[in-house]
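Geometric and topological summary
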Amino acid sequence: MMTPRQDTASAETTPFEADLRAAGLRVTAPRLATLAVIAERQHSDADAIATAVRDRLGTVSKQAVYDVLNALTAAGLVRRISLDERRARFEVHRHDNHHHLICRSCGRIEDVPCVVGVAPCLSLPDDRGFTVEEADVVYRGLCAECSAAAAARAGDPAAS
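Let me sum up the structure you'll find in this document. (Residues numbered from 1 in each chain as written. Predicted model: local features only at pLDDT ≥ 70, side-chain atom pairs only at ≥ 80, totals over all residues. Heavy atoms only, no water.)

What to know about the sheet that holds strand β6 (residues 138-141)
Short version of the rule: When DSSP finds at least two bridges between two strands, those strands are taken to pair. Numbering of helices and strands runs from the N terminus; a helix is a DSSP stretch of H or I covering at least four residues, while a strand is a stretch of E covering at least two. Axis lines are fitted through C-alpha atoms, for helices just across the contact stretch, and the angle between N-to-C directions can take any value from 0 to 180 degrees.
What the three strands build is an open sheet, ordered β5-β4-β6; its pairing is mixed. With partners counted over all chains shown, the strands left at the sheet margins are β5 (109-113) and β6, one partner each. Strand-to-strand, the axes of this sheet are offset by a mean angle of 25°, without reference to chain direction. Note that strand β4 (residues 98-103) and β6 share four bridges and pair parallel. In the strand pairing of β6, Ile 102 is matched with Arg 140.

A short note on the nonpolar core
In summary, soluble globular proteins display a tendency toward joint burial of nonpolar side chains. Formally: Residues belong to one nonpolar core when they are buried, are Ala, Val, Leu, Ile, Met, Phe, Trp, Tyr or Cys, and are joined through side-chain atoms within 4.5 Å. Using a 1.4 Å probe on the protein chains alone, a residue whose accessible area is under 20% of its type maximum counts as buried, one over 50% counts as exposed, and one in between counts as partly exposed. Residue contacts are defined here by distance: any two heavy atoms, one from each residue, within 4.5 Å place the two residues in contact.
Ranked by internal contacts, the top residues of the largest apolar core, which has 21 residues, are Ile 38, Ile 49, Val 53, Val 65, Leu 69, Leu 72 and Phe 90. The set of elements that each furnish at least two residues to this core consists of α3 (29-40), α4 (46-57), α5 (62-74) and β3 (88-92). By residue number, the principal contributor to this core is α4, which donates five residues. Excluding its chain neighbours within four sequence positions, the residues that come into contact with Val 65 are Thr 34, Ile 49, Ala 50, Val 53 and Val 60.

So, the state of the cysteines
Note the threshold: Counting rule for disulfides: a pair of cysteine sulfur atoms within 2.5 Å.
For the structure on display, the rule yields zero disulfides. Looking at the unpaired Cys 103, the closest cysteine sulfur is the one in Cys 146, lying at 3.6 Å. On the basis of relative accessibility, which here comes to 4%, the residue Cys 103 falls in the buried class. With no disulfide partner, Cys 106 has as its closest neighbouring cysteine sulfur the one in Cys 103, 3.7 Å distant. The class of Cys 106 is partly exposed, set by a relative accessible area of 46%.

Digging into unusual backbone geometry
Phi is mostly negative for residues that are not glycine, and the peptide bonds are mostly trans. With phi around 75°, His 43 is a residue other than glycine that occupies positive phi space. As for its placement among the helices and strands, His 43 is situated in the loop between α3 and β1 (44-45). Overall, the relative accessible area of 9% leaves His 43 in the buried class.

Let's talk about the pairing of β3
Of all the five residues making up β3, five are buried; the element is thus mostly covered by neighbouring parts of the structure. Residues Ala 88, Phe 90 and Val 92 line one face of β3 and the alternating positions Arg 89 and Glu 91 line the opposite face, and both faces are buried. Across two bridges, the pairing between β1 and β3 is antiparallel. By the bridge assignment, Ser 44 is partnered in β3 with Phe 90. As judged from the five bridges shared by strand β2 (residues 78-82) and β3, these two strands associate in the antiparallel manner.

What to know about α5
Heads up, the rule is: How far a helix is expected to stretch is found by multiplying one less than its residue total by 1.5 Å. Directions are taken from the helix axis to each C-beta atom, and the arc is the one they span.
Here α5 is 13 residues long and its end C-alpha atoms lie 18 Å apart, about the 18 Å a rise of 1.5 Å per residue gives. Of all the residues in α5, the buried ones are Val 65, Val 68, Leu 69 and Leu 72. Buried residues in α5, looked at end-on, bunch into an arc of 100°, giving them a common side. Elements that come into contact with the buried residues of α5 comprise α2 (15-22), α3, α4, β2 and β3.

Keep in mind that these numbers describe shape and distance, not what the molecule does.
The structure is reproduced here in structure tokens:
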């Protein structure tokens, strides 16, 4: 006797599905793919995310991915990071207090924990009537590889 095929995809829920439902969002293939891409490629820009989502799903418009990014950001599942005036980067929102290092030369971005504590950036001595919800701290400079390359170009013997 043949038994009906169990659809394992519907029997199992991924953490992303649970996150979407908890945020009051419908679970859709573009949303799941976008969350997966961002989790795998933290700090990617919208164009890179759209390309990777299209690679996974086939036909999905860039605008659809942008709409998904906006919905996920508004729901607090994704964090939009504006590190420069050209484009935003995205990461899965862990609701922790971390900041970012960005290399001015290669654009590499690294997460770094807050050096002061849990969320001191949200407590201002003079909040001027604002209710502070989020603070972004960005450290800019050169990563180790770019520093070494710059020193080598300058003829610094310590770089070799």
